[in-house]
Amino acid sequence: MEPNLKIPEVLNADSNVTQRDLRYSQLKQATIMMVDDEPIMLEIVQALLEDVGYQNFITIQDSNQAVQKLLDSNPDLLLLDLDMPDVNGFDILKTVRTFARYQFMPIIILTAAEDPKSKLKALELGATDFLSKPVDPSELVLRVRNTLSAKAFQDQLAYYDSLTGLPNRKLFIDRLGWEILLATRENKSLVLLDIGLDRFRQINETIGLTSGDQILKIAAERIHAVIRSSDFLGRGKSNENMARIGGDEFSIVLYGVNCVENASIIGNRVLQSIKQPFVLDDNDMYLSASIGISVFPQDGDDVESIIKHAAAAKDFAKKQGMDNFQFYSSDINSRAKEIMKMESDLRKALENDEFELYYQPQVNASNGKVMGMECLLRWIHPEDGFIPPDVFITVAENMGLIVPLGEWVLRQACFSASEWVLQGHEALKVSVNVSPQQFNEDGLVDSIKLAINDSGLNPHNLVLEITESMLMGNIDHFAKLLHEINDLGVSISLDDFGTGYSSLSYLKKFPINELKIDKSFLTDVPAIKQDNLIVKAIIAMSHGLGQKVVAEGVENEAQLAFLKALNCDIIQGYYFSKPLNKVDFSNYLSLNASLKNYRIK
Ligand code: C2E
Ligand code: MG
Ligand code: MG
């Protein structure tokens, strides 16, 4: 049964109010239903209870209406007279207890009957307690308070999550059922947001349960704050719109006219709130969330399908690379199927040698000499042909395949680079993209050492490209790993700089040797003044920190001239060359080395 009552809320516990005061004041919010054929009796009991602060009453004189009224209003306590014409108290008691949701609802029997037989019968039918008529005021108040306290305590245990104080899955499902009934009756929409914290399980393993719990609490508070500050939620108090429905899963229900439009606004705000750093005992953690949204009645007309579809949309959001929200659509099913097919094809692709590494030259901005190259993965699918990495890397990350695949790339890159170094290109730097997932697995440092040893490549020729999304999770853990890698002599390059987190604190924590300005900042230079200023600032900052700067996505001479004027160190982009296969890159390298005057102005 859905409890209307609730004892102390962990989320909002106000330190100025004692827990006990809070509890009693919340009990006074209870809805008390009374069924008695004598109007005077109803009036007296209500007046006595009002005197001590109770406010919500439903009084019923016609016992024929009692059960229907109870189903509609879902009270916290029923005060029931036994002797009534037509339908008597026993009948009502019996019917009420046949509903699963009212099996444990407290029912106090008000009766003048002194005979133990009636009491026994009422007890057998499920009465909670008795009060004799005429009622003794203090006894009435005491019984009502104790019964409601016991109910609130049971509700708290059964329906609320002890960590966050939020409604749990059970209560949430129950409430959603009610809300769907109401929405159907009122012909209104209802929206469900299913929020999952990304990679929480892995993070929990590296930081331990206590810190994990702390994160969940903070996340719950942040999501709750988003709802509280949103003034368009419609019916219900903010703490009733939200629940913790799984270990790292929260749900929000939105009602009303514009709830579908508002779902995106709330979704966005939740994503932003989770992206703020979580500060735990000096260790900053960065998280993101994935959100699935389903709408009643379009996406399903019962609790089960609404929940199932929001969960499917959330899974899809995760597969789309996390940190986003997705509305459920029948499309999701077909797109999910495509992803499943890709997963199964990807599984075979590594064994079947369907991957190929391409190499894109990185050129010294001042003299046009090839300094190195970035290794870019290509998948040549036997039926579908070329599939770009932007499409399959995320899928490979989600299925864990990126770990062996990344290892394959690393070894391939080291072996190729080693050949070119032996041919005389001693200073050539080979850059390899590393997925955050590889950092979460044990053994990354070992596989780097192995690739270096087996290929004979000098570690100084190797650069690992990481992205800001690496910052998800345990920063100290990553910092330690990066230092270990750096200590081997391998350089670290921060890829796609400026597109991820705005926090710059990691520039101090991480040993970063090189920074790659994301191509989105370079598309419109030198035409757009703001972009010029951003690029200028990034280069100045990076040089100030002793890092080299690579500009990627350089396609024309105007961009090149602009970057040269700012002393950008290295240029990568179509202006010099697209990514090339191994043979073509070898030729490019030889030609470049043989040129006295490089193609640069
Ligand atoms: P990224 O690491 O930022 O790589 C740069 C991307 O920009 C490459 O796309 C490259 O082909 C493209 N690009 C280079 N110059 C230009 C230009 O002048 N104009 C334009 N429009 N684009 C240019 P690509 O090869 O499609 O790779 C996309 C992303 O896939 C990469 O972005 C990287 O994040 C990921 N990726 C590629 N290979 C690997 C890999 O081996 N492992 C991992 N984890 N990720 C990889
Ligand atoms: Mg890269
Ligand atoms: Mg990049």
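These figures come from a predicted structure and were not determined experimentally. (Residues numbered from 1 in each chain as written. Chains lettered and ligands numbered in written order. Predicted model: local features only at pLDDT ≥ 70, side-chain atom pairs only at ≥ 80, totals over all residues. Heavy atoms only, no water.)

**Student:** Kindly report on the pairing of strand β17 (residues 462–467), identifying the contributing residues and their values.
**Tutor:** Across the six residues that make up β17, a large majority, five, are buried. Strand direction decides the pairing type here: β17 and strand β19 (residues 491–497), joined by five bridges, are parallel. By the bridge assignment for β19, T467 is matched with D495. (Buried < 20%, exposed > 50% of the residue type's maximum accessible area, 1.4 Å probe, protein only. Helix = DSSP H or I, 4+ residues; strand = E, 2+ residues; numbered from the N terminus. Pairing = 2+ DSSP bridges.)

**Student:** Summarise the environment of F99; cite the residues concerned and give the values.
**Tutor:** Along the chain, F99 falls in the loop between α4 (89–98) and β4 (107–111). The sequence separation of F99 and L71 amounts to 28 residues, and the corresponding C-alpha distance is 9.4 Å.

**Student:** Give me the lowdown on the sheet that holds strand β18 (residues 473–474), citing residues and values where you can.
**Tutor:** An order of β9-β10-β18 is seen for the three strands of this open sheet, with the pairing classed as antiparallel. On the outer flanks of this sheet lie β9 (278–280) and β18, each paired with one strand and no other. Here β9 pairs with strand β10 (residues 283–286) via three bridges, running antiparallel. Following the sheet pairing, F278 is matched in β10 by M285.

**Student:** Residues and numbers for the coordination of the magnesium ion (ligand 3), please.
**Tutor:** The coordination sphere of the magnesium ion (ligand 3), as far as protein atoms go, consists of D495 (OD), D496 (OD) and E552 (OE), spread over 2.0 to 2.3 Å. Mapped onto the sequence, the donors of the magnesium ion (ligand 3) take the spacing D-D-x55-E. Between the magnesium ion (ligand 3) and the magnesium ion (ligand 2) the interatomic distance comes to 4.0 Å, and D495 is a ligand of both metals. Placement of the pair is D495 in strand β19 and E552 in strand β21 (residues 548–552), with a sequence separation of 57 residues. Using a relative accessible area of 8% as the deciding quantity, one classes E552 as buried. (Donors = N, O, S within 2.8 Å, 3.2 Å for Na, K, Ca; no water.)

**Student:** Account for the pattern of salt bridges, naming residues and giving values.
**Tutor:** Under the criterion given, the structure shown has 23 salt bridges. Salt-bridge contacts for D76 lead to K151; the nearest nitrogen and oxygen are separated by 3.1 Å. Pair noted here: D76 is in the loop between α3 (66–73) and β3 (77–81) and K151 is in helix α6 (residues 137–159), with a separation of 75 residues, a long-range link. Here the two residues D76 and K151 agree in accessibility, since each one is buried. For K582, the salt bridge is made with E419, and the minimal N-O distance between the two is 3.1 Å. Remark: E419 occurs in helix α14 (residues 402–422) and K582 occurs in helix α22 (residues 582–594); sequence separation between them is 163 residues. For K582, a relative accessible area of 31% puts it in the partly exposed group. Residue E419 is classed as partly exposed on the basis of its relative accessible area of 38%. One continuous salt-bridge network, built from bridges that share partners, spans D36, E38, D81 and K133. (Salt bridge = Lys/Arg side-chain N within 4 Å of Asp/Glu carboxyl O.)

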